[in-house]
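A closer look at the structure
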Amino acid sequence: LNRQSSFLFQHLMGDIAVGYTHYWTFNVPASGAARNAATRRYYQACIEIAHVVYTYAQQYGGVSGHTAHTAPGDYGGVHFNGSTRAGSCEDFVLREFFVDNTEFNFCKTNQHTYDILVTAALSILAARMGKYVTVSSDGVDAGWVAGAALASNLLEETISIPVTILPARRQA
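Quick notes on the rules
Residues numbered from 1 in each chain as written. Predicted model: local features only at pLDDT ≥ 70, side-chain atom pairs only at ≥ 80, totals over all residues. Heavy atoms only, no water. pLDDT = per-residue confidence, 0-100. Helix = DSSP H or I, 4+ residues; strand = E, 2+ residues; numbered from the N terminus. Contact = heavy atoms within 4.5 Å. Buried < 20%, exposed > 50% of the residue type's maximum accessible area, 1.4 Å probe, protein only. Polar contact = N/O pair within 3.5 Å; in protein donor to acceptor, adjacent residues only side chain to side chain. Phe/Tyr/Trp six-rings, centres within 6.5 Å; stacked < 30°, edge-to-face > 60°.

Across the protein, the average pLDDT comes to 85, with 84% of residues at 70 or higher. Per-residue pLDDT, averaged within each element of the protein, yields its smallest value for helix α1 (residues 3-15) (47) and its largest for helix α4 (residues 115-129) (96). Within the model, the stretch residues 14-19 combines pLDDT values under 50 with 18 contacts to residues more than four positions away or in other chains. Note on residues 168-172: pLDDT under 50 across the span, and nine contacts to partners over four residues away in sequence or across chains.

The next point concerns the side chain of S123. Relative to the elements of secondary structure, S123 occurs in helix α4. A residue is classified by how much of its surface remains accessible, and S123, at 0% relative accessible area, is buried. A polar contact of 2.8 Å, which involves the side chain of S123, links it to the backbone oxygen of T119. With sequence-adjacent residues up to four places away left out, S123 is seen in contact with W144, A148, I159, S160, I161 and P162.

Moving on, we come to the packing of aromatic side chains. Here the structure, examined in full by the defined rule, presents nine aromatic pairs. With 5.7 Å between their ring centres and 80° between their planes, F26 and Y42 make a pair best called edge-to-face. Pair noted here: F26 is in strand β1 (residues 21-26) and Y42 is in helix α2 (residues 32-60), with a separation of 16 residues, a long-range link. Just as F26 is buried, Y42 falls in that class too. Summarising the aromatic geometry, the rings of Y42 and Y43 are spaced 5.7 Å apart at their centres and angled 65° between planes, so their arrangement reads as edge-to-face. Taken together, F26, Y42, Y43 and F98 form an aromatic cluster joined through their ring pairs.

As structure tokens, then:
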């Protein structure tokens with residue numbers, strides 16, 4: 001993280017209470033080429049989310065779970081939470097194998113600081129998975145802005161807020 005983005009995240013995190021519960025459901029194709037494409041997109045998203053979580057955890061701390069302490073690619077799937085020190089609520093989990101993620105999923109962050117990672121992860125997931133995932137939330141606007149900005153900065157490309165979240169505020 002560079003100094004400018006570090007200031008942005010500290011400013012956003014210090015001035016707002018972010019997030020409540022975030023939801024996502026996979027729309028898994030039955031079989032064939034569409035299922036293979038969705039599976040490839042899922043694995044790409046998991047690697048990128050792991051990179052963001054691991055980098056954030058190394059820079060700022062306050063994150064627990066396998067993904068926060070294991071180099072990206074060394075742990076199948078994604079698993080993290082806030083730490084006891086920084087506040088934790090529910091684990092954010094993407095199972096290792098795409099086909100094991102077919103049910104409705106949610107992560108309540110209780111407005112703890114790891115909410116920025118959950119919104120970053122879901123922004124990445126939506127960007128990579130497209131029509132194969134549906135994301136929703138009862139979190140606040142600024143939490144999604146901060147999460148998408150974190151993902152964009154660490155992946156060095158524009159990651160937008162999911163189209164199902166704040167359509168008027170997402171990047172074009």
